[in-house]
Every structure is written in structure tokens, then in C-alpha cells.
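Observations on chain architecture
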Amino acid sequence: MTKPALTLYLAAPRGFCAGVDRAIKIVELALEKWGAPVYVRHEIVHNKFVVDELRDKGAVFVEELEECPEDRPVIFSAHGVPKSVPAAAEARQMVYVDATCPLVSKVHIEAQRHAEQGLQMIMIGHKGHPETIGTMGQLPDGEVLLVETPEDVANVQVRDPEQLAYVTQTTLSVDDTKGIVAALEARFPAIIGPHKEDICYATTNRQEAVKAVAPKSDAMLVVGAPNSSNSRRLVEVGSKAGCKYAQLVQRADNIDWRALEGISSIAITAGASAPELLVNEVIDAFRARYDVTVEVVETAVERVEFKVPRVLRQASTPA
């Protein structure tokens, strides 16, 4: 039986960013240096496949530092942690490695700098997301106010409208954030923004690639985890860019084939914490059902690399 023809637009860049790459490497190098188990506070990155692979190698994932023994190393996730977490690790004399993405750390430093100048911070982000919790936890309670929508801006109660600055979560929708920033600047004309946009290069690049493939595709699949903020934003960006059916899938097993009946083109991309292996798995699933022609649509080339912390670049000292 002849397979129906399908054009598969493969968005580029997609998948792992430099911060995710570095975080995974940190766990692997820590296991090499100290042996198993190595504890990781929160999922190192938001992807079940990645977490399960590292767990198989000897990583133990916990939600809180209290769950970690004092005699084993602990790693903090790529999303960042409140200041109280490394302080608690030091108080317990634990060995810890901070895998916070350097672009998230940049936002932390920015918030600290503004606070030292007496400014109250407003953070644009998603309530409960580990990155938001980590950034807000850089300063004392009440010093960082969270807004998620332009409507929140209208209701936020500030100490002094003349003494404000804002930062953003690094994985937000670029277009949605513009609307919130406009609302902040309209209500608080004196508010100070970041020197350079906080939304990271990888988030922006992946969203731009989606805007290029979505309008010409009957459907779009984003490979990523349901708790991955940047992956969920890619689905939203695809829908807004004109793709009638945009869905998040963790693996090829999650594809709803009935919803895709009758399509002649599909766009595929992946969130920043999804490995390429899972993208290939999805492409193979389409090849099994369709006569697939793959077209790569590349909107940017990424050459960013982040070094791992020095402690993991040094050889272990013999016991």
C-alpha cells in the first residue's frame, strides 16, 4: 500500500541549549568524580527521559535539600535556587555544585544590583516555576513582586512607583512579555528594565524558528515535557503564528494519529531540554506511516557554550 506523502518541516534551532547541555554534563562529571549516588535538588532539567537516564547512572533526585545526606555531593538544577539553599548547604558543610544556567544567574545578579540601589523588583514570570522561585528568592520577602499578565500589572501594589525595576523569567514567550512590559512602562514610567533582554537567546531562537514553520504546516508537534515552560511557550507561539493544530508530545508514543488524519505537512521542533534522540524517534514514527520529505528550516545558528564549574574540571584528589 502506498504511503501518503508528507512534508516535514524541521525547525532549527531546536532542542538542547547551552545551559541544559552544561547542567547534564555537571551531573555526569559529578558522578565520574565522586561516584554514585550524587543528589540533585529538583529535576536537573525539565525532561523525564533525561532525568531517568541520569537516575540510571546513579543520580538521586529530591525536591528539598533536607532529603540529602551530608556526606554526599548535591547539585542544584539549571533553573536556579533561592539564596537560602546554598546557605543551608554551607551550614551543613555539604559539597554542592550549582548547575544554574549562566543566563539565569545573570538575572539573579541584575536583581541583586537593583536591590542594592534601593529599587523594588517586579518579576515577569510564572508562579510556582522553579526559575521564578529561585529568582524571587535572591532577595528578602516582599522585595520581588510577581506579575504574569498585563492585568496583574494594573493590580500590583508597589512601595514607591519611582523606585522600581523589572526582570523576567528566561523562558517566556517573547511576544507575550512585550505586552506585559508595555503595561509596566505605561503604569510606572520610571521603571528600569534589564540592560539586555532577560529572555534567553535559545528561547528567542526557538520561538523564531516556530514562527517560520508554523504558518506553512497543517500541524505542529513540540517535543518536550509538560512541566517545561519553554516547550509550552513553543506550542502557544505555533498556534498564534497560524498553525491550526499545535501539540506538546513527550515521546512518539504520545502522538494522536487520529487528530493528524488528512494532513500533508507537519512542523516538528523541540523544547530546550528535549534531546535530539526524541526528535528522531518522532520523525521515525512519521516515516513508518508516511512517505516523508524532510525540509530543515533554519532561522539562526547557535555556537554558545558554557563551561562547567572549576571543581568538576579538576582531577579528584586521592583519598
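Right, let's talk about the pairing of strand E3 (residues 59-62) for a bit. For strand E2 (residues 38-41) and E3, the ladder comprises four bridges, and the chain directions are parallel. Each residue of the ladder has a partner; that of Tyr39, found in E3, is Val60.

In this structure, Pro13 follows Ala12 across a cis peptide bond, with omega equal to 5°. Structurally, Pro13 can be placed in the loop between strand E1 (5-12) and helix H1 (18-34). Cis rather than trans, the peptide bond between Ala36 and Pro37 has omega equal to -5°. Note on placement: Pro37 falls in the loop between H1 and E2. For His42, which is not a glycine, the phi torsion comes out positive at approximately 70°. For His42, the position within the fold is in the loop between E2 and helix H2 (48-57). Overall, the relative accessible area of 14% leaves His42 in the buried class. Its identity as a non-glycine residue notwithstanding, Gln93 has a phi of 55°, on the positive side. With respect to the helices and strands, Gln93 occurs in the loop between helix H3 (84-91) and strand E5 (96-98).

Pairing is parallel in the open sheet, where five strands are placed in the order E10-E9-E11-E1-E12. A strand with exactly one partner marks an edge of an open sheet, and here the two such strands are strand E10 (245-249) and strand E12 (291-298). Neighbour-to-neighbour, the strand axes of the sheet open up by a mean angle of 25°, direction not taken into account. Together, E1, strand E9 (219-223), strand E11 (265-270) and E12 form the strand contacts of helix H8 (residues 201-213), whose direction differs from that of E1 by roughly 155°.

Its twelve residues give helix H9 (residues 229-240) an end-to-end C-alpha distance of 17 Å, which sits within 8% of 16 Å, the value for a rise of 1.5 Å per residue. When we look at burial in H9, the residues that qualify are Ser229, Asn230, Ser231, Arg233, Leu234, Val235, Val237 and Gly238. Lining the buried residues of H9 we find H8, E9, E10 and E11. Downstream of H9 by one or two residues, Gly242 has phi in the positive range, about 110°.

Counting 29 residues, the largest nonpolar core has Val27, Ile44, Val45, Leu54 and Ile75 as its most contacted members. For this core, the leading source of residues is H1, giving seven residues. For Val27, the contacting residues outside a window of four places in its chain are Val40, Ile44, Leu54, Ala59 and Ile75.

Charged atoms that come close allow side chains of opposite charge to pair. Across all of its chains, the model carries 15 salt bridges by this definition. Its salt-bridge partner being Lys106, residue Asp198 comes within 3.4 Å of it at the nearest N-O pair. Taken together, the positions of Asp198 in the loop between helix H7 (174-187) and H8 and Lys106 in helix H4 (residues 102-116) put the pair 92 residues apart, joining distant regions of the chain. Look at Asp198 and you get buried, because its relative accessible area is 2%. According to the relative accessible area criterion, Lys106 is partly exposed, its value standing at 28%. Connected through shared salt-bridge partners, Asp175, Lys178, Glu208 and Lys211 make up one network.

Reading the values: rules and limits
Residues numbered from 1 in each chain as written. Predicted model: local features only at pLDDT ≥ 70, side-chain atom pairs only at ≥ 80, totals over all residues. Heavy atoms only, no water. Pairing = 2+ DSSP bridges. Helix = DSSP H or I, 4+ residues; strand = E, 2+ residues; numbered from the N terminus. Buried < 20%, exposed > 50% of the residue type's maximum accessible area, 1.4 Å probe, protein only. Axes fitted to C-alpha atoms, helices over the stretch in contact; angles between N-to-C directions. Contact = heavy atoms within 4.5 Å. Expected span 1.5 Å × (residues − 1). Core = buried A, V, L, I, M, F, W, Y, C linked by side-chain atoms within 4.5 Å. Salt bridge = Lys/Arg side-chain N within 4 Å of Asp/Glu carboxyl O.

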